[in-house]
Amino acid sequence: TQLLEQSPQFLSIQEGENLTVYCNSSSVFSSLQWYRQEPGEGPVLLVTVVTGGEVKKLKRLTFQFGDARKDSSLHITAAQPGDTGLYLCAGAQTGANNLFFGTGTRLTVIP
Amino acid sequence: EPEVTQTPSHQVTQMGQEVILRCVPISNHLYFYWYRQILGQKVEFLVSFYNNEISEKSEIFDDQFSVERPDGSNFTLKIRSTKLEDSAMYFCASSPSWVTGELFFGEGSRLTVL
């Protein structure tokens, strides 16, 4: 089992603050996805990064894939209460037909 | 927008009973998956399915579990003899390809084993 560790595990911030969530592994991934999960629902895909060093932006969210394709970060600028949720990273490896999910970061944005 | 649908949304069963969880993947998708999430824990891979056969399965997916695509639209997960530790949220997912591994998840079926 490939381990994807996310940090922090829990994060509670005030509206308008910036934050960064990290996803780290000792394994190399061919691609890495970030998902967001609301209580009682399935994960919803936010972004996929494929190339080492790749940076993708989705409105106030910035995703980066590490140069060695072992880690990734998610940065949220000016967090809003609507950003509250469980953020999951998930990695895919070449030749494997499954995703390994990270341990998750539960974000709470306080109005 | 196409979506993955799962039934039932919640099932309560007695230990030792058989359970079938059903999923209708997005129609033009070719890869199908079952994941589970025990309350408060990470999302765990169970099995992947392509071209009418299992592609990969995890250690969790033992002989008590089976999957089937009986009619070209439904994708089912059967647990033959449920155990207390099978209580979890079970998510079905589908994907159009395995190039980048993007999965589209259903809303899940919550299984409670008493």
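Residues numbered from 1 in each chain as written. Chains lettered and ligands numbered in written order. Predicted model: local features only at pLDDT ≥ 70, side-chain atom pairs only at ≥ 80, totals over all residues. Heavy atoms only, no water.

Is there a simple way to explain a negative patch on the surface in this structure?
Residues Glu41 of chain A together with Glu1, Glu3 and Glu107 of chain B make up a contiguous surface patch of negative charge. Inspection of the secondary structure puts Glu107 of chain B in the loop between strand S10 (104–105) and strand S11 (109–113). (Patch = residues over 30% accessible without salt bridge, like charges linked within 9 Å, V, L, I, M, F, W, Y side chains within 5 Å. Areas by Shrake-Rupley, 256 points an atom, 1.4 Å probe, with all protein chains shown as cover. Salt bridge = Lys/Arg side-chain N within 4 Å of Asp/Glu carboxyl O. Lys, Arg positive; Asp, Glu negative; His and termini not counted. Charge placed at Lys NZ, Arg CZ, Asp CG, Glu CD. Helix = DSSP H or I, 4+ residues; strand = E, 2+ residues; numbered from the N terminus.)

Please clarify how the sheet that holds strand S7 (residues 65–68) of chain B should be interpreted in this entry.
Consider a sheet: its strands pair through backbone hydrogen bonds, and that pairing is either parallel or antiparallel. Residue and element names in this part refer to chain B. One open sheet holds the four strands; their spatial order is S1-S3-S8-S7, and the pairing between them is antiparallel. Across the chains shown, the open sheet's two edge strands, defined by having one partner strand only, are strand S1 (5–7) and S7. On average, adjacent strands in this sheet sit at an angle of 15 degrees to one another, irrespective of strand direction. Bridging between strand S3 (residues 19–24) and strand S8 (residues 75–79) involves five bridges; their strand directions are antiparallel. (Pairing = 2+ DSSP bridges. Axes fitted to C-alpha atoms, helices over the stretch in contact; angles between N-to-C directions.)

Honestly, the pattern of salt bridges in this entry has me stumped. Any pointers?
Two side chains bearing opposite charge may form a pair once their charged atoms approach each other closely. All names here are of chain A. Scanning the model with the defined rule gives four salt bridges over all chains in all. Here Lys56 makes a salt bridge to Glu54, at a shortest N to O gap of 3.8 Å. Judged by its relative accessible area of 19%, Glu54 is buried. Across the salt bridge formed by Asp83 and Arg60, the nearest N and O atoms sit 2.9 Å from each other. Remark: Arg60 occurs in the loop between strand S6 (55–58) and strand S7 (61–65) and Asp83 occurs in the loop between strand S8 (71–76) and strand S9 (85–92); sequence separation between them is 23 residues. For Arg60, a relative accessible area of 29% corresponds to the partly exposed category. (Buried < 20%, exposed > 50% of the residue type's maximum accessible area, 1.4 Å probe, protein only.)

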